[in-house]
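# Remarks on the overall topology
One-letter residues, chain by chain:
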Amino acid sequence: MSGQVGDLSPSQERALAQFRENVQDVLAVLPSTDDYFLLRWLRARSFDLKKSEDMLRKHVKFRKQQDLDNILTWQPSEVVRLYEPSGFCGHDREGSPVWYHIIRGLDLKGLLFSVSKQEILRFNFWSLELLLRDCEQQSQEVGVPGPLPAPWATEIWPPPRQPPAWGTCLPELLGSSQHLRVDTVRVTCLPRGRGREGARRDGPVSLHLASWHETSTPGGTRISRAQPYLLWAVGGTGPPGVSPLSIPLQLGKKVEKISTVFDFEGLSLRHLWKPGVELVQEFFSALEANYPEILKNLIIVKAPKLFPVAFNLIKPYITEETRRKVVILGGNWKQELLKLISPDQLPVEFGGTMTDPDGNPKCLTKINYGGDVPQHYYLRNHVRVQYDHQATVGRGSSLQVDNEILFPGCVLRWQFASDGGDIGFGVFLKTKMGERQRAAEMTEVLASQRYNAHMVPEDGSLTCTEAGVYVLRFDNTYSVIHPKHISYTVEVLLPDQTSLEKIEKF
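### Considerations on the overall build of the protein chain
Within the protein chain one finds 12 helices and 19 strands. Restricting the contact set of the protein chain to residue pairs at least 6 apart, pairs at least 24 apart contribute 75%. On the protein chain, roughly 24900 Å² of surface is accessible, and the fraction owed to carbon and sulfur atoms is 51%.

Pasting the structure below:
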């Protein structure tokens, strides 16, 4: 059994009842107490009652620390609003909101120089709470028809050739009308001649579920947000003051998951900056711990060759279940997206038909594409770093740090700071194995130059195009008086083999 509402085994039903009893004392401070919410925590811990309870109680503390009950009234700073490249735009075919992330516009260093790490994390928690609120609204707005207002009617235009039969689909009924944009959904028809509460009406009565987006209706109504609406199709006109197509519908199912689209075009070595990656790792850890079972999928589009390395840095911080939801799309990604998201819910930039009111295909009013953070926002020129190694480079000497690269495609990443003055730094590839070589005897990969690392810490990375021993060389040969004390961290970042194989096939 899936562990979802309506698909529970007897043992899972008993676990749910016991879990509710075990956490009775904290139910009042949770955003929801329904079975859907509680089952998320049970599924996340494979219905282990103790682990699920521990997880939920830690979340209660997290909610208090982050003030999640009031977070929707919080306003992020200007730099975060302008340069955090993400946004919520439209819904997938099952009614789930879609969260976009634009990697090419992500300037993690600029953001961390301008605001605290906590504010960036809080912005993402704020976004998640907005998305969950939308899920709740979707659950209320799409489903079985609720009570209708006082009887009124409006005509379908153009009218159907004959009264619809039970089970008729909207495209069969309405065709490709220029006035209506509809999804393929089931039409539920009431008995002929019967309206609300059995009242006699002239003509056929039908209930229709349609998805509308900036569409001019026969009556001139213009709907700017895609939304399911109830269309009571009979002859006649509605009562005064009642606008046609204004009755929300409920889908009859709970919307509790979100879809995510990650546009990885422009991913580069600057995105692998260690403090920035650690921020992303911390976010995914918090996501797994406090928002379990809300991700429907993680759709990856335009993934470059560097993606497997980036993904391998994040993979340890997401569960195996979340990893299975990662979907890497190839060159036909626009066509594949349309299988998951209807065209009127997908921006033109991503292969759909949705635009901003002014016709912008990127939907800039909904998705922030970010960019480089201007330096006038900077509050600092570096972030505090914990280094793995310390060493002294004597006057007139150098220090070599060897790193063996077993296969091409790995990334060599470093950070360092000096004390006592500037320090030279360069990267070389050995031409002979098993012995120390002078700089002139090796192949220069990154030209050696002097860095004021005693004033501003340095960091960098490079993609290793061939296997071999790469040497990070700290150079103090130019100083005949002062030794230099250095602190440094060096890492070899490996690609994720599974995603690497997928990308190589595209």
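### Quick notes on helix H9 (residues 307-314)
Taking burial as the measure, the eight residues of H9 include seven buried ones, the bulk of the element. Turning to H9, its buried residues number three or more, namely Phe307, Pro308, Val309, Ala310, Phe311, Leu313 and Ile314. Against the buried residues of H9 lie helix H8 (274-290), strand E10 (295-301), strand E11 (326-328), strand E14 (411-419), strand E19 (484-493) and helix H12 (497-505).

### Quick word on a positive patch on the surface
There is a patch of like positive charges on the surface, built from Arg45, Lys51, Lys58 and Lys61. Here Lys51 lies in helix H3 (residues 49-66).

### Examining the pattern of salt bridges
Scanning the model with the defined rule gives 30 salt bridges in all. For Arg413, the salt bridge is made with Glu491, and the minimal N-O distance between the two is 2.8 Å. Note that Arg413 is positioned in strand E14 and Glu491 in strand E19, a separation of 78 residues in sequence. A relative accessible area of 22% places Glu491 in the partly exposed class.

### Overview of the nonpolar core
One finds Phe125, Leu128 and Phe307 to be the most contacted residues of the largest nonpolar core, which totals 58 residues. When contributions to this core are tallied by element, the ones reaching two or more residues are helix H4 (78-83), helix H5 (108-114), helix H6 (117-141), strand E9 (258-263), H8, E10, H9 and E11. With eight residues, H6 is the largest single contributor of residues to this core. Core analysis: the next-biggest nonpolar cluster, separate from the first, contains 21 residues, Ile405, Leu412, Leu462 and Leu472 among them.

### What about a nonpolar patch on the surface?
A cluster of nonpolar side chains, contributed by Leu406, Phe407, Val492 and Leu494, occupies part of the molecular surface with about 350 Å² of accessible area. Looking at the element boundaries, Phe407 is found in the loop between strand E13 (398-405) and E14.

### A short note on the packing of aromatic side chains
Enumeration according to the criterion identifies 21 aromatic pairs in this entry. Consider the rings of Phe62 and Phe125, whose centres lie 5.2 Å apart with planes at 85°: the pair is edge-to-face. Of this pair, Phe62 sits in helix H3 while Phe125 sits in helix H6; the two residues are 63 residues apart in sequence, bridging distant segments of the chain. Comparing Phe62 with Phe125, the two get one shared label, buried. Three or more aromatic residues link up through ring pairs in this structure, and these residues are Trp414, Phe416, Phe425, Tyr451, Phe474 and Tyr488. Positioned over the ring face of Trp74 is Arg122, at 5.2 Å from the centre of the ring. The ring of Tyr369 carries the charged tip of Lys362 above its face, separated from the ring centre by 5.3 Å.

### Regarding the sheet that holds strand E18 (residues 468-475)
In a beta sheet, neighbouring strands are held together by backbone hydrogen bonds and run either parallel or antiparallel to one another. Ordered in space as E13-E18-E15-E16, the four strands form an open sheet in which the pairing is antiparallel. Each edge of the sheet is formed by a strand with only one pairing partner; in this case those strands are E13 and strand E16 (443-451). When strand polarity is set aside, the average angle formed by the axes of neighbouring strands in this sheet is 15°. In this sheet, E18 lies alongside strand E15 (residues 423-429) in antiparallel orientation, the contact comprising six bridges. Looking at the pairing, Gly424 lines up with Asp475 of E18.

### Thoughts on the sheet that holds strand E17 (residues 458-463)
One open sheet holds the four strands; their spatial order is E12-E19-E14-E17, and the pairing between them is antiparallel. Each end of this open sheet is capped by a strand with a single partner; those strands are strand E12 (389-393) and E17. Each strand axis lies, on average, 25° off the axis of its neighbour in the sheet, ignoring direction. Taken together, the nine bridges between E14 and E19 define a ladder with antiparallel strand orientation. Bridge pairing links Arg413 to Glu491 in E19. Its contacts with the sheet put H8 on E14 and E19, and the angle it makes with E14 is roughly 115°.

### Digging into helix H1 (residues 10-22)
In this model H1 runs 18 Å from its N-terminal to its C-terminal C-alpha over 13 residues, within 8% of the 18 Å that 1.5 Å per residue would give. Those residues of H1 not exposed but buried are Gln12, Ala15, Leu16 and Phe19. Axial view of H1: buried residues confined to an arc of 100°, hence all on one face. Among the exposed residues of H1, those pointing more than 90 degrees away from its buried face are Pro10, Arg14 and Glu21. Residues of H1 that are buried make contact with helix H2 (35-44) and H3.

### A closer look at the pairing of E19
Bridge count between E12 and E19: five bridges; the pairing is antiparallel. Looking at the pairing, Val393 lines up with Lys484 of E19.

### Considerations on the packing of H2 against H3
Look at H2 against H3: their axes get within 8 Å of each other, and the N-to-C directions meet at 120°. Between H2 and H3, the crossing angle belongs to the class labelled oblique. Crossing of H2 against H3: the hand is right-handed. For the pair H2 and H3, contact is made by Phe37, Leu38, Trp41, Leu42 and Ala44 and by Leu49, Ser52, Met55, Leu56 and His59, respectively.

### A look at unusual backbone geometry
Phi angles above zero are rare outside glycine, and Glu293 is one such case at about 60°. Examined against the element boundaries, Glu293 turns out to sit in the loop between H8 and E10. Using a relative accessible area of 17% as the deciding quantity, one classes Glu293 as buried.

Thresholds, definitions, all that
Every chain's residues receive numbers from 1 upward, in the order its sequence appears when written. Selection of residues for local features in this predicted model requires a pLDDT of at least 70, selection of side-chain atom pairs for listing and counting requires 80 or more, and totals for whole chains, interfaces and linings are taken over all residues. Hydrogen atoms and water are omitted, and side-chain values are computed over all heavy atoms in the structure. A run of H or I in DSSP becomes a helix once it reaches four residues, and a run of E becomes a strand once it reaches two; helices and strands are each numbered from the N terminus. Contacts between residues were defined by any pair of non-hydrogen atoms, one from each residue, lying within 4.5 Å. All accessibility values rest on the Shrake-Rupley procedure with a 1.4 Å probe; residue burial counts only the protein chains present in the view. The classification of residues rests on relative accessible area computed with a 1.4 Å probe and restricted to protein chains. Under 20% of the type maximum is buried, over 50% is exposed, and intermediate values are partly exposed. Patch definition: residues with relative accessible area over 30% and no salt bridge; like charges joined within 9 Å; nonpolar side chains (Val, Leu, Ile, Met, Phe, Trp, Tyr) joined within 5 Å. One speaks of a salt bridge when a side-chain nitrogen belonging to Lys or Arg is within 4 Å of a carboxyl oxygen belonging to Asp or Glu. Residues scored as positive are Lys and Arg, those scored as negative are Asp and Glu, and His as well as the terminal groups of each chain are ignored. Taken as the charge centre is NZ of Lys, CZ of Arg, CG of Asp or CD of Glu, depending on the residue. Here the nonpolar core consists of buried residues drawn from Ala, Val, Leu, Ile, Met, Phe, Trp, Tyr and Cys, with membership extended through side-chain atoms lying within 4.5 Å. Stacked, tilted and edge-to-face pairs are distinguished by plane angle, under 30 degrees for stacked and over 60 for edge-to-face with tilted covering the rest, among Phe, Tyr and Trp rings (Trp via its six-membered ring) whose centres lie within 6.5 Å. Should the NZ of a Lys or the CZ of an Arg lie within 6 Å of a ring centre and within 35 degrees of the ring normal, that charge is described as sitting over the ring. Whether two strands pair depends on DSSP finding at least two bridges between them. What counts as an axis is a line fitted to C-alpha atoms, over the stretch in contact for a helix, and the angles between N-to-C directions run from 0 to 180 degrees. Helices are assigned an expected span. That span is 1.5 Å times one less than the residue count. The directions considered for the arc run from the helix axis to the C-beta atoms. Every angle not falling under 35 degrees, over 145, or within 65 to 115 is termed oblique; those three ranges are roughly parallel, roughly antiparallel and roughly perpendicular. Each crossing gets its handedness from the near helix: less than a right angle anticlockwise from the far helix is left-handed, clockwise is right-handed.

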